[in-house]
Amino acid sequence: MIKPVFLTDLDDTLFQSRRKLAGTADISSLRVGALDRQHSPHSYMTEEQSMLVDWLLAHAEVIPVTARNSEQLNRVQLPFRSWCIASQGALILTPEGSVDEHWQAHMLSELMSYRDQLGELERLSHRLIASYGMEAWARLDYEYGDVPVFLIIKHRHHDRLDELNRLAESLSQENDFHQNFYFHQNNNNLTVLPKCVDKGLATCHLLQRLRAERGMFPVIGLGDSLSDHRFMQLCDWFGMPQQSQFADTLMTDLFGAVNNE
């Protein structure tokens, strides 16, 4: 029997941070999904998530498709045994944990022209955060040693998204921004990505390779955010957590369409 391939996001799909489980009485009873930089428990799985993960690992080939970089991925506590797409698609790891050299060569060539622009956007973000009086931070994420792959900005408050929107609007005014970059925002996180860094592009590359080796196989996608649609649209089926950015947007659009009929 051919195992199905599940392409799945991690954070807020298979586990979530302690803050998002604030209503849980006994957090210590939950299975740990990932550790923080001090290697203390940071993200947890509900009982349903834990059951789902165990079933997937036993009966399917599970391939994470995550925004986490390689260092953050090492702190995930789930025993994945297949390929992995990390850093929003900038990095592909083999089942042995080594870097996929073909994708690495492609990405290094593509990212070469973005290094200076990403550095300028990071410095501009720091200036804007200070001038707006925002309680936020901005930093570049790196792969392949010292190669910047995207800029992430995080607000320390979850109820001040208008400030993030204002910051995004200012960044988008930079020369050639829309030709070279795109935004992804989910809650209090704003990510600025070169157009070559894309979960969908990396997934397409990996699926082509696997199909050339194996032939056809069913592909199912799981994700919580709108950015996950970039890889989920390549799947034969896809699903999302009931409480997620993807589900909220879908339901809003569906109810809007019904009400307008």
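A. Seen up close, the layout of surface pockets. Size it by volume and the largest pocket reaches roughly 1100 Å³. As for the largest pocket, its lining consists of 39 residues, and the residues nearest its centre are Asp-11, His-42, Ile-152, Lys-154 and Asn-189. Contributions of two or more residues to the lining of the largest pocket are made by strand S4 (41-45), strand S8 (136-143), strand S9 (147-155), strand S10 (181-186) and strand S11 (189-194). Ranked by residues supplied to the lining of the largest pocket, first place goes to S9 with 4 residues. Across the lining of the largest pocket, the residue classes break down as 5 nonpolar, 17 polar and 17 charged.

B. Main features of a nonpolar patch on the surface. Nonpolar side chains collect at one region of the surface, where Leu-250, Met-251, Leu-254 and Phe-255 lie side by side and expose about 370 Å² of accessible area between them. You can see Met-251 is positioned in helix H9 (residues 245-260). Overall, Met-251 belongs to the partly exposed group, its relative accessible area being 39%.

C. Region of interest: helix H1 (residues 47-59). For H1, which comprises 13 residues, the first-to-last C-alpha distance of 18 Å matches the rise-based estimate of 18 Å (1.5 Å per residue) to within 8%. Of the residues making up H1, those classed as buried are Gln-49, Ser-50, Val-53, Leu-56 and Leu-57. Looking straight down H1, one finds that the buried residues subtend no more than 130° of arc, so they occupy a single side. For H1, exposure combined with an orientation more than 90 degrees from the buried face picks out Glu-47, Glu-48 and Met-51. In the core, the buried residues of H1 are packed alongside strand S1 (5-8), strand S2 (16-17), strand S3 (31-35), S4, strand S5 (61-64) and strand S12 (219-222).

D. Structural context of unusual backbone geometry. Although it is not a glycine, Gln-88 adopts a positive phi angle of roughly 60°. Topologically, Gln-88 is positioned in the loop between strand S6 (84-86) and strand S7 (91-93). Here Tyr-144, not a glycine, exhibits a phi torsion of approximately 55°, which is positive. Assignment of secondary structure puts Tyr-144 in the loop between S8 and S9.

Conventions and cut-offs
- Residues numbered from 1 in each chain as written.
- Predicted model: local features only at pLDDT ≥ 70, side-chain atom pairs only at ≥ 80, totals over all residues.
- Heavy atoms only, no water.
- 1 Å grid on protein atoms, 1.4 Å probe; cavity = no way out; pocket = protein on both sides within 12 Å on 5 of 7 lines; lining within 4 Å.
- Points joined across faces, edges and corners; volume = space filled by probe spheres on them.
- Helix = DSSP H or I, 4+ residues; strand = E, 2+ residues; numbered from the N terminus.
- Nonpolar A, V, L, I, M, F, W, Y, C, P; charged D, E, K, R; others polar.
- Patch = residues over 30% accessible without salt bridge, like charges linked within 9 Å, V, L, I, M, F, W, Y side chains within 5 Å.
- Areas by Shrake-Rupley, 256 points an atom, 1.4 Å probe, with all protein chains shown as cover.
- Salt bridge = Lys/Arg side-chain N within 4 Å of Asp/Glu carboxyl O.
- Buried < 20%, exposed > 50% of the residue type's maximum accessible area, 1.4 Å probe, protein only.
- Expected span 1.5 Å × (residues − 1).
- Arc of directions from axis to C-beta.
- Contact = heavy atoms within 4.5 Å.

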